[in-house]
Each structure stands twice: as structure tokens, then as C-alpha cells.
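Letter by letter, the chains look like this.
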Number of protein chains: 2
Amino acid sequence: MVNKKDDNQTEKAILEAADKVFTQKGFAAARMEDIAQEAGINRALLHYYFRSKDKMFDLIFQQRVSIFFSGLGQIMHSEKPLIEKIQAIVEHEITILLAHPYLPIFVLQELNQNPHRMLAIAENAGAHPSLLLKKFSVEVRAEIKAGTIRETDPAQLFMSIMGMAIYPFVARPVVKIILEKDDVGFESVMLQRKKEITDFIIHALKP
Amino acid sequence: MVNKKDDNQTEKAILEAADKVFTQKGFAAARMEDIAQEAGINRALLHYYFRSKDKMFDLIFQQRVSIFFSGLGQIMHSEKPLIEKIQAIVEHEITILLAHPYLPIFVLQELNQNPHRMLAIAENAGAHPSLLLKKFSVEVRAEIKAGTIRETDPAQLFMSIMGMAIYPFVARPVVKIILEKDDVGFESVMLQRKKEITDFIIHALKP
DNA sequence: GTCTATAGGGTGATAGAC
DNA sequence: GTCTATCACCCTATAGAC
């Protein structure tokens with residue numbers, strides 16, 4: 001226990017580097033050399049800490065998926081009234097995606113190639129994906145019955161919410177060109193978008 | 001010109017195979033061997049027809065982006081009234097994506113890694129991306145001024161339309177689990193979704 | 001713990017026979 | 001045009017010195 005330099009210092013550096021490289025390039029295009037350079041260390045060290053590229057990737061990927069789902073699960077199962085809940089979802093998604101720009105395209109791309117990974121990981125994260133909609137659906141139907149919102153299919157509504165919030169980040173390079181914005185401009189548009197989406201949905205749901 | 005077997009028969013087979021493999025795995029993960037097998041031929045033949053993996057990919061990618069944008073451009077620049085135009089966009093996107101399930105995640109993933117490719121290709125396709133919004137914006141503002149729709153930012157509206165239509169396909173594996181559907185069920189939900197989205201937008205835009 | 005050197009396997013591309 | 005054989009390189013992983 002005497003001669004170790006910064007034990008979990010380098011481990012942390014590696015994890016950050018791996019996250020950056022994997023997230024930006026995807027598993028196949030990412031090379032161990034890229035990660036080592038990004039972390040300022042040697043390739044062999046990566047294997048010393050994490051054995052293999054696959055093991056490293058699984059770790060990173062699981063973390064990323066958790067970010068994507070854990071917060072969402074809490075909101076979905078909370079006791080807020082429907083409109084507030086929708087507002088919270090939108091704010092949460094956009095806030096997270098502003099902090100992690102490459103997150104959704106990375107997760108969705110890797111998931112598309114390995115759909116089975118999804119279940120195991122998401123359940124680990126505590127958010128049974130198939131249960132996400134259950135409570136939400138009940139609440140939507142209750143509001144419809146009470147006449148406070150228009151007749152709508154809960155699943156379709158949920159897809160609309162997620163699509164409006166997440167899609168611009170997935171299509172970021174296209175959006176930047178079409179809107180003629182740089183990164184700063186893009187982020188400012190996404191900040192406005194929080195209120196824009198919520199208003200849009202509230203009006204769309206009016207009876 | 002006597003002994004050649006099926007000249008553009010194999011070429012066509014290769015293109016189809018390349019499209020399938022590249023679209024499903026992305027450039028980095030796709031191997032020439034995969035494509036050759038899928039086409040029922042030999043690796044060397046791929047190089048005989050298309051020289052290199054890069055050249056092959058560029059070709060496929062350009063075609064895919066064209067599918068994505070060419071039809072959209074026509075609709076955006078047409079003379080339909082606003083609501084009809086929005087309806088046409090939604091129907092067009094969902095129809096195309098039902099026919100090409102892996103298209104958006106593929107295009108968006110590769111674009112994220114090579115944003116510069118975007119411009120050259122999209123302009124080739126005849127749809128200046130930065131002009132896509134111009135006419136649409138004017139029309140939206142006209143309707144607002146006429147009092148037929150609510151005050152809305154055209155760019156935000158456009159992102160909402162595209163997000164609602166495209167996102168479920170990008171997140172297809174997640175959606176299938178959350179909605180507990182198989183492929184057939186997913187497609188039927190997306191068919192319903194055409195009307196769902198249009199209604200949603202019309203209500204959201206009511207003054 | 002961290003490095004250098006190298007093994008071992010895979011992949012894109014070409015040469016050359018048919 | 002289509003195949004087999006092979007080259008040359010790159011990348012993951014490990015062995016071994018410090």
C-alpha cells in the first residue's frame with residue numbers, strides 16, 4: 001500500500017476517456033489507442049484496469065442508459081398531476097441532453113444492434129421499461145373521463161412528448177444547419193424549447 | 001461482350017447487400033465479408049466493382065440521405081395550405097420510415113460523426129437544407145397574423161413535427177418494449193400515428 | 001502501477017489463375 | 001467476371017521488465 005501512485009485517480013481518468021470516445025464514435029469505431037491517448041496513458045493500462053474492450057464498454061453503456069432512464073422512471077411514478085408530470089418530463093429530458101449531447105444517438109445506435117441488452121440493463125437501473133407507461137396511462141384516461149383533456153391514446157401521447165424533446169438532439173447536426181445555428185445558438189434554442197413543448201402539449205390536450 | 005454472365009445483375013445484388021449491412025451495422029462495424037456473404041459472392045468481387053469500402057459506403061449513404069430529404073423538400077416547397085402541408089409531411093415521413101426501418105438511426109449516427117458530409121450530399125439531393133424552413137416560416141407567420149393559428153415559433157414547430165414522426169423509429173427497440181409490441185404491432189401503431197400526430201398538431205395550433 | 005515489446009487474429013485490398 | 005491465395009496493416013490482448 002506504499003508505492004501506488006493515484007490508484008483510483010487513473011481509473012477515473014480512464015472511465016472519463018472511455019465515456020467520451022465510446023459515446024462519440026460508438027463501440028466498433030472506437031479504438032483502445034484513442035481511449036488511452038484521451039486518458040493520457042498507455043494502452044496496456046486499460047487492460048490492467050478493465051481486462052477487455054467489451055467489459056469496458058458494457059460498464060460505460062450501462063451507466064449511460066441509467067442516466068437516460070433512472071430520472072425518467074422517478075418522474076413517471078411520482079404523484080404529480082398529469083400536466084405537471086409532463087412538464088417535468090420535458091424539463092428533465094432537455095436538461096440531461098444539454099449536459100450529455102451525444103447520449104441519445106449513442107444509446108439508440110448501440111441498442112438497435114443489440115436490442116436484448118436493453119432489458120437486462122434497464123431493469124438493473126430500477127426502471128422496468130414495460131411498467132413506465134402503466135401509471136401514466138391510467139392518469140391520462142382519468143383526465144379524459146373527467147373531461148379535463150381531449151380523447152387521446154396515452155402511448156401515442158408519450159411518444160410525442162419524448163420525440164419532441166429528444167429528437168432535436170439526435171438530429172443535432174441537421175438541426176444546426178437548417179436553423180443556421182452554431183453550438184451556442186443550438187443550446188439556446190433548446191432552452192426555449194422547454195416552455196415551447198409544454199405549451200404545445202397543453203394546447204393540444206385541451207378538450 | 002460475349003462471356004460476361006449477368007453484368008449488372010451482380011452489381012445490383014452487391015448494392016442491395018451493402019445497403020442492408022451498412023444500414024444495420026454502420027460503417028465501422030460492417031465488414032466486407034458480411035456484404036459479400038449477403039450478396040452470395042466473393043470479397044474480391046466487391047473491390048472489382050467498387051474499388052474500396054469507402055467508395056461503396058459513400059454511394060450507399062448518399063442514396064439513403066436522398067430518400068430522407070428529396071421528398072420532404074418537394075412538400076416543403078409546394079403550394080399547399082399550411083395544415084395540409086403539415087399533414088403531408090407527417091404522412092410522407094411515416095410512410096418512408098415504415099419502408100426503411102433502419103434509415104434514420106443509420107443516417108443520423110453517421111452524420112453525427114461526419115457532419116461536413118451533410119452539406120455536400122444534401123445539396124446534391126437538390127434540397128438546400130438551410131432553405132427548407134424559409135417558405136414554411138413565412139407561411140406560419142402569415143397564418144398567425146391572419147389569426148388562424150396560435151402564436152408559435154416556426155422552427156420550434158418544425159422540430160416538433162419531425163420529432164413526433166421520426167423519433168419512434170429511431171427509438172424502435174425501446175418503444176417496442178415499453179408498448180409491449182412485436183414488429184407487426186409496432187407498424188400498426190405507426191400507421192395509426194399518422195392521424196394521431198396531425199390531430200395533435202391541429203389542436204395545438206388552434207388560437 | 002506503468003511501461004515496452006510482441007503475440008495473435010482479423011480486415012481491406014491486390015495479384016494472378018481461370 | 002469470378003475465384004483463390006496472399007500481402008500489409010491495424011487492433012486487441014498479454015508477457016515481462018522496471
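Each chain carries its own residue numbering, running from 1 in the direction its sequence is written. Whichever chain is written first is A, and whichever ligand is written first is 1; the rest continue in order. Only residues with pLDDT of at least 70 get local features here, since the model is predicted, and only at 80 or more are side-chain atom pairs given and counted; chain-wide, interface and lining totals rely on the full set of residues. Water and hydrogen atoms were dropped before computing side-chain values, which therefore reflect all heavy atoms in the structure.

A few points about the environment of B:Ile94
Part 1 of the argument: Its place among the elements puts B:Ile94 in helix α5 (residues 82-99).
Part 2 of the argument: The contacts of B:Ile94, once residues within four sequence positions are left out, are B:Ala165, B:Phe169, B:Met190, B:Arg193, B:Lys194 and B:Ile197. Note on conventions: DSSP H or I runs of at least 4 residues are helices, E runs of at least 2 residues are strands, and numbering of each starts at the N terminus. Contacts were defined at the residue level, with two residues in contact if any of their heavy atoms lie within 4.5 Å.

Some remarks on the nonpolar core
Part 1 of the argument: Side-chain atoms within 4.5 Å are what join buried Ala, Val, Leu, Ile, Met, Phe, Trp, Tyr and Cys residues into a set we call a nonpolar core. The cut-offs for exposure are 20% and 50% of the maximum accessible area for each residue type, with area from a 1.4 Å probe on protein chains only; residues under the lower value are buried, those over the upper are exposed, and the others partly exposed. Of all hydrophobic cores here, the largest spans 138 residues; its most connected members are A:Phe136 and B:Phe136.
Part 2 of the argument: Dropping the residues within four chain positions of it, A:Phe136 is found in contact with A:Met76, A:Leu82, A:Lys85, A:Ile86, A:Pro154, A:Leu157, A:Phe158 and A:Ile161.

What to know about the protein's contact with DNA strand D
Part 1 of the argument: Around DNA strand D lies a shell of 19 residues, among which A:Arg31, A:Arg43, A:Lys53, B:Asn42 and B:Tyr49 are the nearest.
Part 2 of the argument: A cutoff of 4 Å decides nearness: a residue is near a molecule or strand if any of its heavy atoms lies inside that distance of it. Close to the protein, within 4 Å, the atoms of DNA strand D are drawn from sugar and phosphate at a rate of 67%.
Part 3 of the argument: One nitrogen or oxygen atom from the main chain of A:Met32 is found 2.9 Å from a phosphate oxygen belonging to DNA strand D.
Part 4 of the argument: Residues adjacent in sequence count toward polar contacts only when both atoms are side-chain atoms; beyond that, a polar contact is any pair of N or O atoms within 3.5 Å, and within protein one must be able to donate a hydrogen and the other to accept it. Here a phosphate oxygen of DNA strand D sits 2.8 Å away from a polar atom, N or O, in the side chain of B:Tyr49.

Remarks on the domain arrangement of chain A
Interface size, as often reported, equals the accessible area lost upon joining of the parts.
All names here are of chain A.
Part 1 of the argument: Source of the domain bounds: an automatic or database domain assignment. Domain parsing of chain A yields domain 1 (1-51) and domain 2 (64-205).
Part 2 of the argument: Centre-to-centre separation of domain 1 and domain 2, based on C-alpha positions: 31 Å.
Part 3 of the argument: Residue-level contacts link 6 residues of domain 1 with 5 residues of domain 2.
Part 4 of the argument: The largest share of the area that domain 1 buries against domain 2 comes from Asp19, Thr23 and Gln24, three residues that together contribute 73% of it.
Part 5 of the argument: Between Lys or Arg on one side and Asp or Glu on the other, a salt bridge is scored when a side-chain nitrogen of the former is within 4 Å of a carboxyl oxygen of the latter. Summed over the shared surface of domain 1 and domain 2, the number is 1 salt bridge.
Part 6 of the argument: Measuring nitrogen to oxygen at the nearest pair gives 2.9 Å for the salt bridge that ties Arg64 to Asp19.
Part 7 of the argument: Here the residues of the side of domain 1 that touches domain 2 sort into 2 nonpolar, 3 polar and 1 charged. Note: buried area is the sum, over both parts, of the accessible area (probe 1.4 Å) each one loses when the two are combined. Note on residue classes: Ala, Val, Leu, Ile, Met, Phe, Trp, Tyr, Cys and Pro are nonpolar, Asp, Glu, Lys and Arg are charged, and everything else, Gly too, is polar.

Structural notes on the interface of chain A and chain B
Part 1 of the argument: Taken together, the contact pairs 57 residues of chain A with 57 residues of chain B.
Part 2 of the argument: For the pair chain A and chain B, the summed buried surface comes to about 4800 Å²; carbon and sulfur atoms form 70% of the total.
Part 3 of the argument: Counting across the chain A and chain B interface gives 2 salt bridges.
Part 4 of the argument: Residue B:Glu180 is joined to A:Lys134 by a salt bridge in which the shortest nitrogen-to-oxygen separation is 3.6 Å.
Part 5 of the argument: For the pair chain A and chain B, the interface holds 8 residue pairs in polar contact (both at pLDDT 80 or more).
Part 6 of the argument: Breaking the side of chain A that touches chain B down by element, the ones donating at least two residues are α1 (7-29), α4 (53-76), α6 (103-113), α7 (115-124), α8 (132-146), α9 (154-170), α10 (172-179) and α11 (183-205) of chain A.
Part 7 of the argument: The greatest single-element share of the side of chain A that touches chain B, amounting to 13 residues, is contributed by α9(A).
Part 8 of the argument: In terms of residue class, the side of chain A that touches chain B is made up of 37 nonpolar, 11 polar and 9 charged.

Description of the packing of α9(A) against α11(A)
Packed helices, taken two at a time, are described by their axes: the angle between them and the distance between them.
Residues and elements named next belong to chain A.
Part 1 of the argument: Two elements in contact, α9 and α11, have axes separated by 10 Å at closest approach and are oriented at 165 degrees. In this view, α9 runs roughly antiparallel relative to α11, as classed from their interaxial angle. Judged by the sense of rotation from one axis to the other, the crossing of α9 with α11 is right-handed. Two secondary-structure elements touch here, α9 through Leu157, Ile161, Met164, Ala165, Pro168 and Phe169 and α11 through Phe186, Met190, Arg193, Ile197, Phe200, Ile201 and Leu205.
Part 2 of the argument: Here the residues of the contact of α9 with α11 are counted per class, giving 12 nonpolar, no polar and 1 charged. Helix axes are fitted to C-alpha atoms over the stretch in contact, other axes to C-alpha atoms as well, and angles between N-to-C directions run from 0 to 180 degrees. For classification, angles of less than 35 degrees are called roughly parallel, those exceeding 145 degrees roughly antiparallel, those between 65 and 115 degrees roughly perpendicular, and all remaining angles oblique. In this scheme, a crossing is called left-handed if the near helix is turned counterclockwise away from the far one by less than a right angle; it is called right-handed if the turn is clockwise.

Observations regarding the relation of the copies chain A and chain B
Part 1 of the argument: Each copy of the sequence occupies a distinct position, and chain A is placed on chain B by a rotation of 180 degrees and an axial shift of 0.0 Å, giving an RMSD of 0.1 Å. What the rotation and shift describe, once combined, is the action of a two-fold rotation axis. The position closest to the rotation axis in chain A is occupied by the C-alpha of A:Ala204, lying 1.9 Å away.
Part 2 of the argument: Here 100% of the interface residues in chain A have copies in chain B that are interface residues too; the copies meet face to matching face. A least-squares fit on C-alpha atoms brings the copies together, and the residues used are those whose pLDDT is at least 70 in both copies.

What to know about the pattern of salt bridges
Part 1 of the argument: Inspection of the entire model under this criterion finds 26 salt bridges over all chains.
Part 2 of the argument: Across the pair A:Lys85 and A:Glu139 runs a salt bridge whose closest N-O atoms are separated by 3.0 Å. Placement of the pair is A:Lys85 in helix α5 (residues 82-99) and A:Glu139 in helix α8, with a sequence separation of 54 residues. A:Glu139 shares its class with A:Lys85; the two are buried.
Part 3 of the argument: For the salt bridge of B:Glu79 with B:Lys135, the shortest nitrogen-to-oxygen distance reads 3.1 Å. Note that B:Glu79 is positioned in the loop between α4 (53-76) and α5 and B:Lys135 in helix α8 (residues 132-146), a separation of 56 residues in sequence.
Part 4 of the argument: On the basis of relative accessibility, which here comes to 66%, the residue B:Glu79 falls in the exposed class.

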